Each structure stands twice: as structure tokens, then as C-alpha cells.
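Listed here are the chains, written in short residue letters.
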Amino acid sequence: MQSKDLVHLAQQYGSPLYVYDAEKIKSQYNRLSKAFSKVNKLRINYAMKALSNVAILQLLREMGSGLDTVSIQEVMLGLHAGYEPDKIFYTPNGVSLEEIEEVNAMGVQINIDNLSILEQFGTKYPNVPVCIRINPHVMAGGNANISVGHIDSKFGISVHQLPHLVRIVENTKMNIVGIHMHTGSDILDIEVFLYAAEILFDAAKSFKNLEFLDFGSGFKVPYKKDDIETDIEELGKKLSKRFNAFCTEYGKELTLIFEPGKFLVSEAGFFLAKVNVVKQTTSTVFAGIDSGFNHLIRPMLYGSQHHIENISNPKGKERFYSVVGYICETDTFANNRRISEIKEGDILCFRNAGAYCFSMASNYNSRYKPAEVLWMNGEGHLIRAHETFEDLMKNQIPLPTAVNAE
Ligand SMILES: *Cc1c(COP(=O)(O)O)cnc(C)c1O
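Quick caveat, the model's predicted, so the values are computed rather than measured.

## Notes on the packing of helix H8 (residues 190–204) against helix H9 (residues 232–250)
Working step 1: Two elements in contact, H8 and H9, have axes separated by 11 Å at closest approach and are oriented at 15 degrees. The angle between H8 and H9 places the two elements in the roughly parallel class. At the point where H8 passes H9, the crossing takes the right-handed sense. On H9, the residues touching Ile190, Glu191, Phe193, Leu194, Ala197, Glu198, Phe201 and Ala204 of H8 are Glu234, Leu235, Lys238, Leu239, Arg242, Phe243, Phe246 and Tyr250.
Working step 2: Partitioning the contact of H8 with H9 into residue classes produces eleven nonpolar, no polar and five charged.

## A closer look at the pairing of strand S1 (residues 17–21)
Working step 1: Counting buried positions over the five residues of S1 gives five, a clear majority of the element.
Working step 2: Judged by which residues are buried, S1 turns out to be covered on both faces: Leu17, Val19 and Asp21 on one side and Tyr18 and Tyr20 on the other are all buried.
Working step 3: One ladder, built from five bridges, connects S1 with strand S17 (residues 371–376); its direction is parallel. Within S17, the position partnered with Leu17 by the bridge is Ala371.
Working step 4: As judged from the four bridges shared by S1 and strand S11 (residues 269–280), these two strands associate in the antiparallel manner. Paired with Leu17 across the bridge in S11 is Leu272.

## Topic: the packing of aromatic side chains
Working step 1: Scanning the model with the defined rule gives 17 aromatic pairs in all.
Working step 2: Aromatic pair Phe215 and Phe243: ring centres 6.3 Å apart, planes at 75 degrees, arrangement edge-to-face. Of this pair, Phe215 sits in the loop between strand S9 (212–214) and H9 while Phe243 sits in helix H9, placing them 28 residues apart in sequence. The same class applies to Phe215 as to Phe243, namely buried.
Working step 3: Through successive ring pairs, a cluster of aromatic residues spans Phe36, Phe193, Phe201, Phe215, Phe219, Phe243, Phe246, Tyr250, Phe258 and Phe263.
Working step 4: Here the basic side chain of Arg367 rests over the ring of Tyr326, its NZ or CZ set 4.1 Å away from the ring centre.

Rules and cut-offs
Residues numbered from 1 in each chain as written. Predicted model: local features only at pLDDT ≥ 70, side-chain atom pairs only at ≥ 80, totals over all residues. Heavy atoms only, no water. Axes fitted to C-alpha atoms, helices over the stretch in contact; angles between N-to-C directions. Helix = DSSP H or I, 4+ residues; strand = E, 2+ residues; numbered from the N terminus. Parallel < 35°, antiparallel > 145°, perpendicular 65-115°, else oblique. Left-handed = near helix turned anticlockwise from the far one by under 90°. Contact = heavy atoms within 4.5 Å. Nonpolar A, V, L, I, M, F, W, Y, C, P; charged D, E, K, R; others polar. Buried < 20%, exposed > 50% of the residue type's maximum accessible area, 1.4 Å probe, protein only. Pairing = 2+ DSSP bridges. Phe/Tyr/Trp six-rings, centres within 6.5 Å; stacked < 30°, edge-to-face > 60°. Lys NZ or Arg CZ within 6 Å of the ring centre and 35° of its normal.

Structural data, given as C-alpha cells:
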């Protein structure tokens with residue numbers, strides 16, 4: 001989709017606005033499938049926490065995707081979007097046994113990531129097919145907050161506890177059908193990923209009834225010009241070969257599973273916001289937009305650099321701007337960024353706004369969450385209306401007026 005389409009959508013639906021390009025989601029899905037075409041049984045489970053709009057879930061379901069969920073509410077949304085329970089994976093961290101039992105009763109594949117729950121669940125439901133999350137302790141990831149495989153991470157069952165794990169499985173006679181790892185977001189080095197995969201293969205030998213191996217996700221996508229990205233094709237070539245060899249060794253054709261979030265939707269997303277104020281100080285030119293970290297928190301939370309364009313004046317002379325939000329505390333999207341000349345009223349477009357942007361939005365400062373539009377077959381489809389005052393008041397219970405009056 002083109003900049004002029006985005007400008008039209010901002011005019012039509014108002015700003016701020018999230019726009020997602022269906023074609024880009026499809027092409028990323030197909031790219032991943034193709035990279036692993038040498039694996040007979042491949043399954044892609046979209047990690048819906050990246051972008052959980054039901055229309056996006058429907059789009060991915062039609063493409064053949066399964067779903068990776070981390071909460072019972074995500075499972076409910078997935079079922080609502082029409083996914084069969086057996087297409088849904090549930091990979092929570094630190095949730096109660098009760099929630100796991102509830103999700104299990106819905107017919108969804110359970111993935112357990114600690115020994116305590118594993119033992120309790122296995123004792124109660126020895127016949128339920130269970131997947132276990134292994135922590136291979138490989139440090140992969142672009143940011144300490146999203147690196148989940150290292151030694152003191154709270155995720156997964158340590159690979160060093162494998163003997164203990166195997167004992168629990170033997171004692172409870174539970175049915176382990178898969179093992180899983182997810183080493184964190186932003187894999188820069190394929191060799192690191194392959195190294196972690198070897199640890200998973202090794203652990204897999206301890207279980208005789210496996211049906212699948214789940215390699216999680218963490219594919220890095222480019223955020224700025226000349227940024228590095230995970231070489232999916234290279235990974236596909238190397239891991240497919242190794243996976244097929246492992247299946248031969250194991251004596252059974254297993255399913256290879258990935259659960260990408262960012263890879264599928266990040267680049268498909270555009271966040272559009274209008275410039276309210278251009279403010280020149282002695283050192284800086286600020287462009288203040290009609291949004292803030294309540295709508296897009298990644299720059300403030302992770303220091304992420306989202307590429308920003310002035311789509312109202314794409315050919316203008318470039319100047320340096322600090323792009324800031326309207327939240328009443330430090331709220332910076334970009335420091336001294338080269339952007340073509342900005343006037344008040346211009347629409348700025350933030351790239352890579354598909355993953356972890358709307359899904360992390362809040363009502364901080366009592367602002368409404370923006371609308372979402374899916375661009376499909378050359379036209380925009382509203383897939384979420386922007387909020388209204390009723391949404392802010394929903395579930396709030398004011399005091400009786402008599403109390404107020406005193
Ligand atoms: C968040 C998450 C993913 C998706 O990670 P991306 O970096 O968005 O691809 C996959 N699996 C699990 C278990 C997750 O928690």
C-alpha cells in the first residue's frame with residue numbers, strides 16, 4: 001500500500017489511526033512456509049499477543065495458520081475468531097493450575113513451563129497430551145526485557161532439570177507429545193538459534209511419544225534502513241535439514257512448529273498521527289502529535305526505533321525533529337530524527353506498527369484507544385472503532401450522589 005492511501009485513510013477515519021496491510025501479512029506467512037517447504041509437516045501458530053484484533057485472527061486462520069496464546073482470554077478470542085480448539089496452543093507463564101485446567105477443558109493444546117504445575121497436572125490428568133517448555137539457556141534477543149532463554153529467566157523448565165522432569169513424567173505416566181522452546185525476540189544470529197535447537201533435539205530423545213517440536217519464535221524484522229533481520233531462508237535451509245535428520249534418528253515424522261508474532265505482523269502495520277504543535281526551542285524542534293505512549297509504548301519501553309515519515313509532505317526538505325507525544329511525562333518517539341519538513345496538521349506515519357503496538361495500548365491520561373483499519377484488496381475496512389466516553393466509564397461505579405453532596 002502507498003503513502004497516499006494512508007493519507008486518505010487518516011482523513012476518512014481520523015487520527016490517530018492504526019492501519020494494517022493484509023497483503024504484507026500474507027506475504028510474510030508465505031515466506032516462512034516456503035523457507036521450510038522441505039519439512040513435510042510444518043505448522044505456523046500466530047502468536048496473537050502481537051496484534052489480537054479478531055479480524056487479523058480471521059485473516060490468518062483463512063491462510064491456514066494456527067494460534068499461539070498466552071492467556072485464557074486469548075484462547076477465547078481465538079475460538080471467537082473461528083479457530084478449532086486443536087489449532088490453538090496455550091503457552092502461558094506463571095498462571096494458575098485452575099486456568100490451565102479450564103483451557104484444557106476447551107480442547108486446546110497445553111504447554112507447561114514449570115515442574116510444580118507439571119507434576120500437579122500430570123497427577124490429575126495423566127492421559128491428556130501435554131507439551132513442555134524447555135529453557136535451553138541460550139542468550140538470544142535484542143533487549144534484556146525480551147530475552148527469555150538465559151539462565152536466570154523465569155521462562156521454561158531448565159534443561160539442567162531434565163532428569164527431574166523425566167522422573168515426574170515417569171511417575172505420573174503422563175503423555176508428553178511435544179517439547180517447546182522460545183528463546184526470545186530478535187534473533188540476530190542463526191547459529192545461536194541452531195545451537196539452541198540442538199539442545200531441544202537432545203532433550204527430545206528423553207520422550208518416546210512426541211508428535212511435534214515447537215521452536216517458538218523471535219525472528220527479527222528490520223526496523224530502520226539497513227537494519228539486520230533474521231535470514232529466514234538461510235534458517236529454513238539449515239534447520240529443515242537438521243530437523244529431517246532428527247526425525248529419521250527419532251524414527252518418526254514429527255511436526256515442526258513455529259509461533260511467530262512480530263515476523264507476521266510488524267511490517268504490515270502503520271500508525272498515523274497528526275502533528276498538533278511544532279515547537280522550536282533553543283536547541284530542538286519538537287513535533288508534538290495527537291498521540292503518546294498510551295498508543296505506542298515501544299520507544300519508551302524498549303527504546304525501539306520506529307521509522308517515521310511525514311506522509312503529508314514526503315518530498316519536503318529534511319530537517320531534524322524530536323517527535324513527542326501528548327502524555328504528561330516524558331513521552332518521546334524519536335530524538336533528532338531527519339524527517340521532511342513538518343507543518344502543524346501534517347500526518348506522520350510510524351512504520352513497524354503491527355506488532356506490540358495496539359495490543360499494548362492503554363487509556364493512560366484517560367485518552368481513547370485509536371481505531372484500527374485493515375487494508376485489503378485496495379480498500380480500507382474498519383476493524384475496530386475508536387473508543388468513546390462510554391468506554392472510559394464502562395465498569396466504573398460512581399458513588400451515589402448523596403455521598404458526594406455531604
Ligand atoms: C511472544 C511470544 C512469541 C512471539 O514472539 P515474536 O518475537 O513476536 O515472534 C512466541 N511464543 C511465545 C511463547 C511468546 O511468548
